[in-house]
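Structure at a glance
Spelled out, the chains give:
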Amino acid sequence: MNPIDPPIERRSHARGIVLKDATIITDDARIACSVRNQHLHGAELKVDPSVIIPDRFLLHVPADDASYRAVVRWRKNGRLGVQFYGADIGRG
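Residues numbered from 1 in each chain as written. Predicted model: local features only at pLDDT ≥ 70, side-chain atom pairs only at ≥ 80, totals over all residues. Heavy atoms only, no water.

**Comments concerning the pairing of strand 5 (residues 66-76)**
- The sheet contact formed by strand 4 (residues 56-61) and strand 5 spans 6 bridges and is antiparallel. Note on strand 5: the bridge partner recorded for V61 is A66.
- Between strand 4 and strand 5, which follow one another and run antiparallel, lie 4 residues, and D65 among them has a positive phi close to 50 degrees.
- Pairing geometry for strand 5 and strand 6 (residues 79-84), over 6 bridges, is antiparallel. Within strand 6, the position partnered with R75 by the bridge is L80.
- Remark: 2 residues form the turn of the hairpin made by strand 5 and strand 6, two consecutive strands paired antiparallel; N77 in that turn has positive phi of roughly 45 degrees. (Pairing = 2+ DSSP bridges. Helix = DSSP H or I, 4+ residues; strand = E, 2+ residues; numbered from the N terminus.)

**Concerning the packing of aromatic side chains**
- Throughout the structure, instances matching the rule amount to 1 aromatic pair.
- Plain terms: the ring middles of Y68 and F84 are 4.4 Å apart, the flat faces sit at 15 degrees to each other, and that makes the pair stacked. Pair noted here: Y68 is in strand 5 and F84 is in strand 6, with a separation of 16 residues, a long-range link. F84 matches Y68 in its accessibility class, with the two residues each being buried.
- The ring of Y85 has R56 lying over it, and the distance from NZ or CZ to the ring centre is 4.9 Å. (Phe/Tyr/Trp six-rings, centres within 6.5 Å; stacked < 30°, edge-to-face > 60°. Buried < 20%, exposed > 50% of the residue type's maximum accessible area, 1.4 Å probe, protein only. Lys NZ or Arg CZ within 6 Å of the ring centre and 35° of its normal.)

**What about the nonpolar core?**
- The biggest cluster of nonpolar side chains holds 19 residues, and the ones touching the most others in it are I24, L45, F57, L59, L80 and V82.
- Of all the secondary-structure elements, those providing two or more residues to this core are strand 1 (16-25), strand 2 (30-39), strand 3 (42-46), strand 4, strand 5 and strand 6.
- Looking at this core element by element, the count peaks at 4 residues for strand 5.
- Discounting chain neighbours no more than four positions away, the residues touching L45 are I24, C33, S34, V35, R36, F57, L59, G78, R79, L80 and V82. (Core = buried A, V, L, I, M, F, W, Y, C linked by side-chain atoms within 4.5 Å. Contact = heavy atoms within 4.5 Å.)

In structure tokens:
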């Protein structure tokens, strides 16, 4: 691969770049985060790297007027890649 070639896209779904405030909701905490990019099946989140985020949680995104069940697929320096799963849990 030539160093000036663009990187190879390995994602199966194209992600749209966004910047939305969101809240990670667990049984005992509400954690502020931001959605950096998103597609129908998942998103990349920016979180405070000092906060411990569980592997599964509810992600509430007011701009979408929706909440998503999410599972962490990767973690790196205050960023999380999450996959949405389960039935649509609706709005609000």
